[in-house]
Structure formats: structure tokens, C-alpha cells
Amino acid sequence: MTHSPVWADILLVRGKSMMNREAMELAKQNFLEAHNYELLNANEYAQVYCNADKTAAAFFVGNSSKPKKHYRFRCEADLYAYTNKFLDDIKKSKEEAIKEREKDNLAKKEEFADVNIGDILVENYGYSMVLSHFYVVIKKTKCTITVVRLAERIVSGDTCVGEHIPIKGELRGRPETYRNLYFGRGHVEKWNGKPVAFDHMD
């Protein structure tokens, strides 16, 4: 069976990912067996393994093959107290991170609420000069937009100072994806259809 180069690359990446996961799981299992550790407690984000007399324990987060912490304890009570705190702290940290990510995604979604595929955006920036570029939106997801810069046509003035408009359908450069309406230089907004001023005189 033959594959196209792209599909073959995808299979290779997936194969490596599966091998990496299997290797990580095997390394973790070898560690646990070497220390005679069994599962003590776990939640959806972390696991704690300890020895039979509960004087030592390894604390794992997620699918990591290496323990985040590996401690010895004076007594069983100390082990249980630390285990409960560790699991609670990890859960709280992960849930806070999820909430922040959801909040960030919601903000991005609201920022792009009025932006649709085919819209033309204008970017204005500059300090001693007034610069502007036009972009067309070619893709939109919940949290990102992908744009391509458009060529421009001067409608008044000259190449140094004047006004210009985008040339629809005439693309310049490659697609670029952004998570907000800031493309690295200045303010970005929907083009209102009117000529935009520029001043290249420094």
C-alpha cells in the first residue's frame, strides 16, 4: 500500500506519538516496579504511588513518566496528609487554568464576533510615519482568524503621501493566523470602504 508524501508524514508523526506515549508509560511502569510502588490515590489530574509500608511515595501529574515529587515520610499520617494536599493543589491549579483558558477563548470569540470570512480589515500603525495595510479574512474559528494581505491602489496623492484602497482579490504574501485584532504593529479594524490615508515621509 502506497501513501502520498503528506499522508505518509501524518502516519509517521502519529506513529512517533504512539511510540512516545508507550515509551513514557513503560518508563513509568519500570520506575514503579523498581521501587515496589502501588497506587495510593488519584484524581483526574494526578496520581500518587507508594511502597507497602507507606514510608515513601512518588507523585505524578498527568501522563508524565517522571514523578513531579518523590519523598520519604516519617509516618503514614504524614504521607496521607501530603497526598491529599498534593492532589487538591493540582486539581485546583488545573481547574483554574481551564477557567482562564475558557475566559480567554470567550474574549477572543467576542472580539471576532463581527468579523466574517471575506471581510477586509485595515491595520494602521506608525509613529513618525502613517502606515496602513489591508487584509482579507479567509478563515475563522472560535478563537482565531486567518488573513492574507491585499495589494493596494493609490487613489490620491503619490507613493509618499496620499490615500489608498485595497485591490480585492489581489493577494500579497502568505496566510497568517491571529488570536486577536492585533497583528504585531498597530490597531486593526474592519475597513469602512473609504480611502485610507498614508504618509511615508519620516
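Residues numbered from 1 in each chain as written. Predicted model: local features only at pLDDT ≥ 70, side-chain atom pairs only at ≥ 80, totals over all residues. Heavy atoms only, no water.

Caption draft 1: Highlighting the confidence of the model for the chain. The pLDDT averaged across the chain works out to 88; a share of 90% of its residues lies at or above 70. In this model residues 1-8 is a low-confidence stretch, pLDDT under 50, and it forms three contacts with partners more than four residues away in sequence or in other chains. (pLDDT = per-residue confidence, 0-100. Contact = heavy atoms within 4.5 Å.)

Caption draft 2: Expanded view of the sheet that holds strand β1 (residues 38-42). With antiparallel pairing, the four strands of this open sheet are ordered in space as β1-β2-β3-β4. Both outer strands of the open sheet, β1 and β4 (69-72), are each paired with one neighbouring strand and no more. Averaged over neighbouring strand pairs, the angle between their axes works out to 25° when direction is ignored. Pairing of β1 with strand β2 (residues 46-50) involves four bridges; the strand directions are antiparallel. The partner of E38 across the bridge, within β2, is C50. (Pairing = 2+ DSSP bridges. Helix = DSSP H or I, 4+ residues; strand = E, 2+ residues; numbered from the N terminus. Axes fitted to C-alpha atoms, helices over the stretch in contact; angles between N-to-C directions.)

Caption draft 3: Spotlight on the nonpolar core. Judged by nonpolar contacts, Y45, A46, V48, C50, A57, F59, V61, F73, L79, F86, L87 and I90 together constitute the single largest core of twelve residues. Those elements giving two or more residues to this core turn out to be β2, β3 (56-61) and α2 (76-111). Looking at this core, the element that brings in the most residues is α2, giving four residues. Setting aside its immediate chain neighbours within four residues, V61 contacts Y45, A46, K68, F86, I90 and K94. Among the nonpolar cores identified, the runner-up in size contains eleven residues, and L121, Y135, V147 and Y178 belong to it. (Core = buried A, V, L, I, M, F, W, Y, C linked by side-chain atoms within 4.5 Å. Buried < 20%, exposed > 50% of the residue type's maximum accessible area, 1.4 Å probe, protein only.)

Caption draft 4: Highlighting the packing of aromatic side chains. Summed over all chains, the structure comprises 13 aromatic pairs. Centre to centre, the rings of F31 and F60 are 6.0 Å apart; their planes meet at 75°, and the pair counts as edge-to-face. One end of the pair, F31, is in helix α1 (residues 5-34); the other, F60, is in strand β3, and 29 residues separate them in sequence. As far as burial versus exposure is concerned, F31 and F60 are alike and both buried. (Phe/Tyr/Trp six-rings, centres within 6.5 Å; stacked < 30°, edge-to-face > 60°.)

Caption draft 5: Highlighting the environment of R185. Inspection of the secondary structure assignment puts R185 in the loop between β8 (161-178) and β9 (187-190). Along the primary structure R185 and Q29 are separated by 156 residues, whereas in three dimensions their C-alpha atoms are 50 Å apart. Look past the residues within four positions of R185 in its chain and what remains in contact with it is E123, Y125, H133 and Y135. Within polar-contact distance, the side chain of R185 engages the side chain of E123 at 3.0 Å. (Polar contact = N/O pair within 3.5 Å; in protein donor to acceptor, adjacent residues only side chain to side chain.)

Caption draft 6: Representation of the sheet that holds β9. Ordered in space as β9-β5-β6-β7-β8-β10, the six strands form an open sheet in which the pairing is antiparallel. Of all the strands in the sheet, the pair left with one neighbour each is β9 and β10 (196-199). With direction set aside, neighbouring strand axes in the sheet form an average angle of 40°. Relative to strand β6 (residues 131-140), strand β5 (residues 120-125) runs antiparallel, the two being bridged by six bridges. If you follow V122 over to β6, its bridge partner there is F134.

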